[in-house]
Amino acid sequence: MGHEDGSLGGYDAIETGDELVSWSRTYCRRAASHYDFTVDLHRVRWEVSTRAKRRAAAVKTPSVDDARVGEPRRWTGTSSQSAELDAAPTCTMSLSWRAFESFDREEWTATLRHELVHVEQFQAFGATDHGPAFKRRAEAVDAPVRVRRFAEPKYTLTCEACGADVAYRYRECKLVRESAAYRSACCEAPLDCREREE
Ligand SMILES: [Zn+2]
Ligand SMILES: [Zn+2]
């Protein structure tokens, strides 16, 4: 899959949270130089949320007293290590696994650029929002001002024997139509398919 050379093939081959983080990080490094983001990606932690959430991704930041978007922040005394005195506190890029499953590559990368604008604002100002400055910046980097809230999956496939959730699908497909013909990995039992109620 070419993780070593940092190649960005294989979006469709991502199977685990670690792979999603690795792919998204590599993408963000490239986007940072391509779109001229002023971000320090060393000060970004990554996580994947597997809980059902409506937000595709989020940047979690510590709250900073008296910070306001547009007022450049001098980061002093934010870290106990003197070598890092002038660095912004670390923030966390939280990615939703379910969103990744429902977004194609184009929408996912646009989402990452949206989040990078948040990181950029946070590192510059200690605060971030979706105000006019955000809008201008998002347009400049070809990112949506609002990330689409992704829907809950339309179909949930469960193991008929133990009831565990085995898979989610957002649209009809062979697995949905012929769920009983498939076998779960946990019990090698047929799958039940449940359709979300609107
Ligand atoms: Zn946002
Ligand atoms: Zn089972």
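In this text, all values refer to a predicted model and were calculated from it rather than measured experimentally.

This next bit is on the environment of Ala189. Of note, Ala189 is situated in the loop between helix 5 (174-177) and strand 6 (191-195). Residue classification places Ala189 among the partly exposed positions, given that 18 C-beta atoms sit within 10 Å. Remark: the alpha-carbon pair of Ala189 and Cys162, spanning 27 residues in sequence, is separated by 8.6 Å. Once residues lying within four places of it in the same chain are set aside, the contact partners of Ala189 are Cys159, Glu160, Ala161, Arg183 and Ser184.

Let us look at the sheet that holds strand 5 (residues 165-169). Taken together, three strands build an open sheet; the order of strands is 5-4-6 and the sheet is antiparallel. The sheet is open, and its two borders are formed by strand 5 and strand 6, each paired with just one other strand. Mean inter-strand twist for the sheet, computed between neighbouring axes without regard to direction, equals 25°. Examined bridge by bridge, strand 4 (residues 155-159) and strand 6 share five bridges and lie antiparallel to one another. Each residue of the ladder has a partner; that of Thr156, found in strand 6, is Arg194.

Within the largest apolar cluster, 24 residues are counted, with the highest numbers of intra-cluster contacts made by Ala99, Phe100, Phe103 and Leu116. Looking at this core, the elements that each hand over two or more residues are helix 1 (17-34), strand 3 (91-96), helix 2 (97-102) and helix 3 (105-125). Examining the composition of this core, we find that six residues originate from one element, helix 3, more than from any other. Sequence-distant contacts of Leu116, that is, excluding residues within four places in its chain, are made with Cys28, Ala31, Ala32, Phe37 and Val39.

This part takes up the confidence of the model for the protein. Predicted coordinates in regions of low pLDDT should not be interpreted in detail. Here the protein shows a mean pLDDT of 88. Residues at 70 or above account for 89%. Across the protein, helix 4 (residues 132-140) holds the top mean pLDDT of 97, while helix 2 sits lowest at 86.

We now examine the pairing of strand 5. Direction of pairing for strand 4 relative to strand 5: antiparallel, over a ladder of four bridges. Its bridge partner lying in strand 5, Thr158 is registered against Asp165. The hairpin formed by strand 4 and strand 5 contains five residues between the paired strands, and Gly163 there has a positive phi angle of roughly 80°.

Looking now at helix 3. Helix length check: helix 3, at 21 residues, gives a terminal C-alpha distance of 30 Å against a target of 30 Å (1.5 Å per residue), a fit within 8%. Of all 21 residues in helix 3, 16 are buried, a share of seventy percent or more. A positive backbone phi angle near 80° is found at Gly126, which sits one or two residues after helix 3.

Ordered in space as 1-3-2, the three strands form an open sheet in which the pairing is mixed. Sheet topology places strand 1 (44-49) and strand 2 (57-60) at the edges, where each strand pairs with a single neighbour. Each neighbouring strand pair of the sheet contributes to a mean axis angle of 20°, computed without reference to strand direction. Bridge count between strand 1 and strand 3: six bridges; the pairing is parallel. Residue pairing in the sheet places Val44 in a bridge with Cys91 of strand 3. The sheet contacts of helix 1 involve strand 1 and strand 3, and relative to strand 1 the element is tilted by about 140°. Taken strand by strand, helix 3 contacts strand 1, strand 2 and strand 3, and its axis lies near 10° from that of strand 2.

Rules behind the numbers
- Residues numbered from 1 in each chain as written.
- Chains lettered and ligands numbered in written order.
- Predicted model: local features only at pLDDT ≥ 70, side-chain atom pairs only at ≥ 80, totals over all residues.
- Helix = DSSP H or I, 4+ residues; strand = E, 2+ residues; numbered from the N terminus.
- Buried ≥ 20, exposed ≤ 12 C-beta atoms within 10 Å, placed from the backbone.
- Contact = placed C-beta atoms within 7 Å.
- Pairing = 2+ DSSP bridges.
- Axes fitted to C-alpha atoms, helices over the stretch in contact; angles between N-to-C directions.
- Core = buried A, V, L, I, M, F, W, Y, C linked by C-beta atoms within 7 Å.
- pLDDT = per-residue confidence, 0-100.
- Expected span 1.5 Å × (residues − 1).

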